[in-house]
Amino acid sequence: IGFMVLPESPRYILLRGGGDDESRHKAEDVLNELRGKGAAAEVRKEVDAVLESLRESGVPPTLREALRPRGVQRALVLGMSLQLLQQFSGV
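Predicted, not measured: the structure shown is a model, and the values here were computed from it.

(A) Quick look at the environment of Leu67. Here Leu67 is to be found in the loop between helix 4 (63–66) and helix 5 (70–89). If we ignore the near neighbours within four places in the chain, the residues touching Leu67 are Val72, Gln73 and Leu76.

(B) Structural context of the pattern of salt bridges. Considering all chains together, one arrives at four salt bridges under this definition. For the salt bridge of Asp48 with Arg24, the shortest nitrogen-to-oxygen distance reads 2.5 Å. In this pair, Asp48 sits in helix 3 (residues 40–57) while Arg24 sits in helix 2 (residues 21–35), placing the two residues 24 residues apart along the sequence. One salt bridge in this structure joins Glu46 and Arg35, with 2.8 Å as the shortest N-O distance. You can see Glu46 sitting in helix 3 and its partner Arg35 sitting in helix 2, a full 11 residues away along the chain. The structure contains a network of salt bridges with shared partners spanning Arg24, Glu28 and Asp48.

(C) Spatial organisation of the environment of Glu46. Overall, the relative accessible area of 28% leaves Glu46 in the partly exposed class. Sequence spacing of Glu46 and Pro10 is 36 residues, and the spatial spacing of their C-alpha atoms is 9.6 Å.

Conventions used here
- The residue numbering used here restarts from 1 in each chain and proceeds along that chain's sequence as written.
- Thresholds applied to this predicted model are a pLDDT of at least 70 for local features of residues and 80 or more for the giving and counting of side-chain atom pairs; totals over whole chains, interfaces and linings are not thresholded and use all residues.
- Side-chain numbers here rest on the full set of heavy atoms in the structure, without hydrogens or water.
- Each helix corresponds to a stretch of at least 4 residues labelled H or I by DSSP, and each strand to a stretch of at least 2 residues labelled E; elements are numbered beginning at the N terminus.
- The contact criterion used throughout is that any non-hydrogen atoms of two residues lie within 4.5 Å.
- Between Lys or Arg on one side and Asp or Glu on the other, a salt bridge is scored when a side-chain nitrogen of the former is within 4 Å of a carboxyl oxygen of the latter.
- Relative accessibility thresholds used throughout: buried, under 20% of the residue-type maximum; exposed, over 50%; partly exposed, between the two (1.4 Å probe, protein chains only).

Below is the structure:
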């Protein structure tokens, strides 16, 4: 229930807004709420750092690409098998 009153993450706001002026302003507003009004210069630096990290990280992988490695597939099958066994055994 508590998460309903939490503000959106500045990183999420900038990611969805593409770093335009409106999303930048929203992200700065959220950080100003969290840090206090006296930290305006630090907030701008932090927003710049987040924008730079978003530019460097590129496009996130699709679900298909994330599940492609053999190790991920094995872990997924093992986890699903354990859950299925627990469900049937009533543990």
